[in-house]
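What follows is the residue order along each chain.
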Amino acid sequence: MADGRLVDLDEAASRALIHPDRLSELLADLGNVPVAVPVLAVVLVYVTWRHRRTGTDHWWWPAAAAAVLMALVPALVVPLKELTDRPGTPAVPPATGYYPSGHTATAVVAYGAAALLLLPWLRTALARRTVLVLCAALNLGVAFGLVRRGYHWPLDVVASWCLGTVLMTLLWLFLSRSSRRTSVGTPSSSSGPS
């Protein structure tokens, strides 16, 4: 983070990519808490309503797990920023604490959790693919905007993608496990008493 070949490559990539414009600013803003978290909140309400309406046992678990994960983002990112104390790019005022990118981590968890929660409720493969492509596009857009605008070095974004991958994997495992537990414990109409 302070010196070496990887930092040199990171800085060279940043110099080549930085070109602040209105589009990069708008894309970077998609990772802001006031933008990404309300998207997740709407999905949490919808999914909770669907689970409750269908009579799912522990209907609050999926939404609660995603909400806890979203709350963990600043609890994980802020100490890492303090620990690494990496300076920002030349495009931002002199300061430290840019590694990892909080905007990227927020986007990965908010949009990723929203997609994971919606997938079981989508009826067609096209709808599921569309949600996954939209999630990927939003996250790539945020990353591109942050680097293009000069708010973050490319490695700041990559570090947050790594953190987000771990968090999304944990959420996916939890959701898979809780759905298996629910489907095993809930008798279907064909297996119930006749």
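Residues numbered from 1 in each chain as written. Predicted model: local features only at pLDDT ≥ 70, side-chain atom pairs only at ≥ 80, totals over all residues. Heavy atoms only, no water.

Undergrad: Just to check I follow, could you spell out the confidence of the model for the protein for this structure?
TA: Interpretation of the predicted coordinates at a detailed level should be avoided for regions scoring low in pLDDT. Residue-level pLDDT values for the protein average 85, and 90% of them are 70 or greater. The lowest-confidence element of the protein is helix H1 (residues 5–17), averaging 77 in pLDDT; the highest-confidence one is helix H5 (residues 102–118), averaging 96. Here residues 184–194 is a poorly scored stretch, pLDDT under 50, and it has 1 contact once near neighbours within four places are set aside; other chains count. (pLDDT = per-residue confidence, 0-100. Helix = DSSP H or I, 4+ residues; strand = E, 2+ residues; numbered from the N terminus. Contact = heavy atoms within 4.5 Å.)

Undergrad: Even after reading the chapter, I still don't get the environment of Leu 132, so can you show me in this structure?
TA: Of note, Leu 132 is situated in helix H6 (residues 125–149). Relative accessible area serves as the criterion here: at 44%, Leu 132 is assigned to the partly exposed category. Distance in space between the C-alpha atoms of Leu 132 and Leu 119 is 8.6 Å, their sequence separation being 13 residues. (Buried < 20%, exposed > 50% of the residue type's maximum accessible area, 1.4 Å probe, protein only.)

Undergrad: Quick question: what am I supposed to make of the nonpolar core here?
TA: As a rule of thumb, nonpolar side chains are buried together in soluble globular proteins. Formed by 36 residues in total, the largest nonpolar core has its most connected members in Leu 40, Val 73, Val 109, Leu 117, Met 168 and Leu 171. Considering every element that reaches this core, the biggest residue donor is H5, with 12 residues. With residues near it in sequence (within four places) discarded, Val 109 still touches Leu 69, Met 70, Val 73, Ala 114, Leu 167 and Met 168. (Core = buried A, V, L, I, M, F, W, Y, C linked by side-chain atoms within 4.5 Å.)

Undergrad: How do you make sense of a nonpolar patch on the surface when you look at a structure like this?
TA: On the surface, a nonpolar cluster with roughly 410 Å² of combined accessible area is contributed by Val 166, Leu 170, Trp 172 and Leu 173. Tracing the backbone shows Trp 172 in helix H7 (residues 154–185). When its relative accessible area of 48% is taken as the criterion, Trp 172 is described as partly exposed. (Patch = residues over 30% accessible without salt bridge, like charges linked within 9 Å, V, L, I, M, F, W, Y side chains within 5 Å. Areas by Shrake-Rupley, 256 points an atom, 1.4 Å probe, with all protein chains shown as cover. Salt bridge = Lys/Arg side-chain N within 4 Å of Asp/Glu carboxyl O.)

Undergrad: Sorry, what's going on with the layout of surface pockets here?
TA: Over the atoms rolls a probe the size of a water molecule, and in doing so it shows where empty space is left. When its volume is computed, the second largest pocket comes out at roughly 230 Å³. The wall of the second largest pocket is formed by Val 108, Gly 112, Ala 115, Leu 116, Leu 132, Cys 135, Ala 136, Asn 139, Leu 140, Trp 161, Thr 165 and Met 168. Listing elements by their share of the lining of the second largest pocket, those giving two or more residues are H5, H6 and H7. Of the residues assigned to the lining of the second largest pocket, the class counts are 9 nonpolar, 3 polar and no charged. (1 Å grid on protein atoms, 1.4 Å probe; cavity = no way out; pocket = protein on both sides within 12 Å on 5 of 7 lines; lining within 4 Å. Points joined across faces, edges and corners; volume = space filled by probe spheres on them. Nonpolar A, V, L, I, M, F, W, Y, C, P; charged D, E, K, R; others polar.)

Undergrad: Got a minute to help me understand the side chain of His 152 in this structure?
TA: On the secondary structure map, His 152 appears in the loop between H6 and H7. The exposure class assigned to His 152 is buried, which follows from its relative accessible area of 5%. Engagement of the side chain of His 152 in a polar contact is seen with the backbone oxygen of Tyr 98, the distance being 3.0 Å. (Polar contact = N/O pair within 3.5 Å; in protein donor to acceptor, adjacent residues only side chain to side chain.)

Undergrad: Explain helix H3 (residues 33–54) to me, please; I cannot follow it from the model alone.
TA: In an α-helix, one turn spans 3.6 residues; hence positions three or four apart end up facing the same way. Compared with an ideal rise of 1.5 Å per residue, which puts 22 residues at 32 Å, H3 spans 31 Å between its outermost C-alpha atoms and is within 8% of the ideal. Taken together, the buried positions of H3 are Ala 36, Leu 40, Val 43, Leu 44, Val 47, Thr 48, Arg 50 and His 51. Here the buried residues of H3 occupy an arc of 160 degrees about the axis, which is enough to place them on one side. What points out from H3, more than 90 degrees from its buried face, is the exposed set Pro 34, Val 42, Val 45, Arg 52 and Arg 53. For H3, the secondary structure elements touched by its buried residues are helix H4 (61–84) and H5. (Expected span 1.5 Å × (residues − 1). Arc of directions from axis to C-beta.)

Undergrad: Explain unusual backbone geometry here, please?
TA: Most peptide bonds are trans, and most residues other than glycine sit at a negative phi. Here Tyr 99 and Pro 100 are connected by a cis peptide whose omega angle stands at -5 degrees. Its place among the elements puts Pro 100 in the loop between H4 and H5. Although it is not a glycine, Asp 85 adopts a positive phi angle of roughly 55 degrees. Relative to the elements of secondary structure, Asp 85 occurs in the loop between H4 and H5. The class of Asp 85 is partly exposed, set by a relative accessible area of 42%.

Undergrad: Please clarify how the packing of H3 against H4 should be interpreted in this entry.
TA: Helix packing geometry: the angle between the two helix axes and the distance between the axes. Viewed as axis vectors pointing N to C, H3 and H4 meet at an angle of 160 degrees, and their least axial separation amounts to 9 Å. What the angle tells us is that H3 and H4 run roughly antiparallel. As for how H3 packs across H4, the hand of that crossing is left-handed. Between H3 and H4, the residues in contact are Val 37, Leu 40, Leu 44, Thr 48 and His 51 and Pro 62, Ala 63, Ala 66, Ala 67 and Met 70, respectively. Here the contact of H3 with H4 is built from residues that sort into 8 nonpolar, 2 polar and no charged. (Axes fitted to C-alpha atoms, helices over the stretch in contact; angles between N-to-C directions. Parallel < 35°, antiparallel > 145°, perpendicular 65-115°, else oblique. Left-handed = near helix turned anticlockwise from the far one by under 90°.)

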